[in-house]
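What follows is the residue order along each chain.
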Amino acid sequence: MEQTDHPVSLGAVTAPPVVLDLHADPVSLTAALVDVPSVSGDEAALADAVQTALASQAPHLELLRSGDALMARTRLGRPRRVLLAGHLDTVPIADNVPSHRDGGTLYGCGTSDMKSGVAVMTHLAATLVEPAHDVTLVLYDCEEVESARNGLGRLEREHRDWLDADLALLGEPTSGQVEAGCQGTLRVVVRTTGRRAHSARSWLGENAIHAAAPVLARLAAHSAREVDIDGCRYREGLQAVRIAGGVAGNVVPDVCEVTVNFRFAPDRSLDDARAHVAGVLDGFDLTETDAAPGALPGLAAPAAVDFVTATGTVPVAKYGWTDVARFAALGIPALNFGPGDPNLAHTREESVPVAAVTAACDVLRTYLTRA
């Protein structure tokens, strides 16, 4: 059964439609997904291809298209529902599309983050006609850009019932490891001011860049907190990530802005994080520009316990923010699990080991087919 939010205009055909074989091995499917460029905001071609493939190759799934996001689900009346989620978009291409394979490694933009995870999940959703658990597949747009554009947020607002599940698995790159929860993130801009003057008569001015030195000193002296939550060790980080100031090569600057990013453990709320940053930078002018809460590990949920057991691994903390936080905020236990290497995400050399894709598919298949 297929649904759509609005009619799709075909427009002028400039290229033959992309044909995806969801029943092919997930390595080949990964390569096919990579070969359809889908930089954030330009996911339509890939969403169209996946929608067409699901509609024709997975008739057992109810299908919904929302913008450039897709959701598909079984309705088998199973006692447990598992949601498989992944984003279709990538960061800008760095001369690494189309994909290519060298021995046991597949290279290309999105191979790690996270088209290999999407390939595994889509392949299983399409090929497991009678899974032991009901399955929901959620593929969405604009994850790699600002939070306000994130397609998963739009799906939450417009199709909340589709996200109900006993466990959400996000195919972010984890090298086949279960990464639990995620850090929260807070970004602020610290503004220092001065007075302009000709640099030849600098004593007549006040240098705003120099005034930022105490900000940098406090950040450099900051001691990163570490905390153990459910056996997962999270380490925080408070860092200057950008500095902007200066008017010209012969002018004492009157404004300087230091952008500071705080990655905090999920036992802190956003308000706790704000208070911590305000304390470290007490006395300075702060403007918040971005914020998102973290997610606690959620390892005690029965569905999560069973999944961790199926992987045969020991969960570790997720460093960085992922959309598990959105599921956690809805009260849905969520874990990160994908074949890609997070250290290769967003790099020109982005790649994924072929064996890792196969192994992740085997783990998920085992979990989804055993009651």
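Residues numbered from 1 in each chain as written. Predicted model: local features only at pLDDT ≥ 70, side-chain atom pairs only at ≥ 80, totals over all residues. Heavy atoms only, no water.

Section: the sheet that holds strand S20 (residues 351–353)
Convention followed: DSSP-based pairing: two strands are paired if at least 2 bridges between them are found. A run of H or I in DSSP counts as a helix once it spans at least four residues, and a run of E counts as a strand once it spans at least two, with each numbered from the N terminus. Throughout, an axis means a line fitted to C-alpha atoms (over the contacting stretch in the case of helices), and angles, computed between N-to-C directions, take values from 0 to 180 degrees. Here, two residues are considered to be in contact whenever any of their heavy atoms come within 4.5 Å of each other.
The strand order across the open sheet formed by 3 strands is S5-S6-S20, and the pairing between neighbours is antiparallel. Bordering the open sheet on either side are strand S5 (100–102) and S20, each of which pairs with just one other strand. Each neighbouring strand pair of the sheet contributes to a mean axis angle of 25 degrees, computed without reference to strand direction. In this structure, strand S6 (residues 105–107) lies alongside S20, joined through 3 bridges in antiparallel fashion. Considered in S20, the bridge of Thr-105 is made with Pro-353. Its contacts with the sheet place helix H3 (residues 111–127) against S6 and S20, and it is angled at close to 50 degrees to S20. Against the sheet, helix H10 (residues 354–369) engages S5, S6 and S20, with an angle of about 65 degrees to S20.

Some words on the side chain of Thr-322
Rules: Under this definition, polar contacts are N or O atom pairs within 3.5 Å; protein pairs additionally need one hydrogen-donor-capable and one acceptor-capable atom, and for neighbouring residues in sequence, both atoms have to be side-chain atoms.
Relative to the helices and strands, Thr-322 resides in the loop between strand S18 (316–317) and helix H9 (324–329). Of the polar contacts made by the side chain of Thr-322, one reaches the side chain of Asn-336; its length is 2.9 Å. The residues touching Thr-322, leaving out its near neighbours within four places in the chain, are Leu-170, Glu-172, Cys-182 and Asn-336.

Things to note about the UniProt feature "domain: Peptidase M20 dimerisation" (unreviewed entry) in the chain
Rules: UniProt positions are given in the numbering used here, feature names are shortened, and annotations may be inferred rather than shown by experiment.
Mapped onto this numbering, the UniProt entry annotates "domain: Peptidase M20 dimerisation" (unreviewed entry) at residues 184–281. Regarding residues 184–281, the helix share stands at 24% and the strand share at 42%, and the terminal C-alpha atoms are separated by 19 Å.

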